[in-house]
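This is what each chain is made of:
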Amino acid sequence: MASYEHILTERRGDVLVVTLNRPDRLNAAPPALFDEIRDAIATLDGARAVLFAGAGRAFCSGADVAGGALGMDNPGETTFAALIEHYNRTMLAIAALDVPVVSAVRGPAAGIGCSLALAADFCVASETAYFLQAFVNIGLIPDGGASWMLPRLIGRARAAEMMLLGERVPAAKALDWGMIHKVVADDALDAESFALAERLAAGPTRALGAMRRGLHDALELSYADAMTREAENQRDMRGTADAMEGGMAFLQKRKPEFKGN
């Protein structure tokens, strides 16, 4: 697999594991780190699920703006360019993936790191995890799709609480709000999140990909258009080998063995 400066990639069976690897900076993410994520997921080479994780005691503490990482000569335009050309492109690439995505969060998932964690189909958090949009404390606003994502996940009132007050949302509260999938003990996070990714990777990959895109698209479609999209996807899925295997397994009263096609 390709070698990167800011992330580690590992193929574990049918799961592509992408680990943010700047533990000395709590995995604060310069634009180049998001470029590396986008490159790593561009060619899955048969991987049937993706798992995002962070090295050390943090998932991602946000964008790395220290030491001129985003430049300060014209900070407004530099930040705009970094979002449009780097961070946002990667978030859109994650949304367009044809395979399910899991994130494993311990410690902070802040700013763009929060957006990255919640972009997964399943976010598994350890008891030490927290989610944070602290931009209000420095006179800025959330980015990376947070203003689109949070109201849809937790409702407008809770999104406003998170964004306008800029306070930490601990893992237990995030679970209660419906923001994340599961909370586990810190020492169980790696195994639990990988087991979930592995389970998804063993599923009917094309159907799972259509489901995740359908969930995303339905947030913007009318009821009638969403049903039409379902019918179109169902038509496509009926011709897949996995659908045939699923039907045969049902008739034969056995567990299906999906191959991802």
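One can find the structure itself at the top, above this paragraph.
The structure presented is a predicted model; accordingly, all values stated were derived computationally and were not measured.

1. Observations regarding the pattern of salt bridges
Between side chains of opposite charge, a pair can form when the charged atoms approach closely.
Next, step 1: Going through the model one piece at a time under the given rule, you end up with 16 salt bridges.
Next, step 2: A salt bridge links Asp236 to Arg235; its shortest N-O distance comes to 4.0 Å.

2. Description of helix α2 (residues 75-95)
Next, step 1: Between its terminal C-alpha atoms α2 stretches 28 Å, which fits the 30 Å expected from 21 residues at 1.5 Å a residue.
Next, step 2: The principal kink in α2, of about 40 degrees, is found at Leu83.
Next, step 3: Those residues of α2 lying buried are Ala82, Leu83, Tyr87, Thr90, Met91 and Ile94.
Next, step 4: Of the surrounding elements, those touching the buried residues of α2 are α1 (31-42), β3 (49-54), α3 (112-118), α4 (146-154) and α8 (205-218).

3. Remarks on the side chain of Ser126
Next, step 1: Counting through the fold element by element, Ser126 comes out in strand β6 (residues 122-126).
Next, step 2: Among the polar contacts listed, one links the side chain of Ser126 to the side chain of Thr128, at a separation of 2.8 Å.
Next, step 3: If we ignore the near neighbours within four places in the chain, the residues touching Ser126 are Val105, Arg106, Gly107, Ala171, Val183, Val184, Ala185, Asp186 and Leu189.

Definitions and limits used
Residues numbered from 1 in each chain as written. Predicted model: local features only at pLDDT ≥ 70, side-chain atom pairs only at ≥ 80, totals over all residues. Heavy atoms only, no water. Salt bridge = Lys/Arg side-chain N within 4 Å of Asp/Glu carboxyl O. Helix = DSSP H or I, 4+ residues; strand = E, 2+ residues; numbered from the N terminus. Expected span 1.5 Å × (residues − 1). Bend = angle between axes of the 7 residues up to and from the residue. Buried < 20%, exposed > 50% of the residue type's maximum accessible area, 1.4 Å probe, protein only. Contact = heavy atoms within 4.5 Å. Polar contact = N/O pair within 3.5 Å; in protein donor to acceptor, adjacent residues only side chain to side chain.

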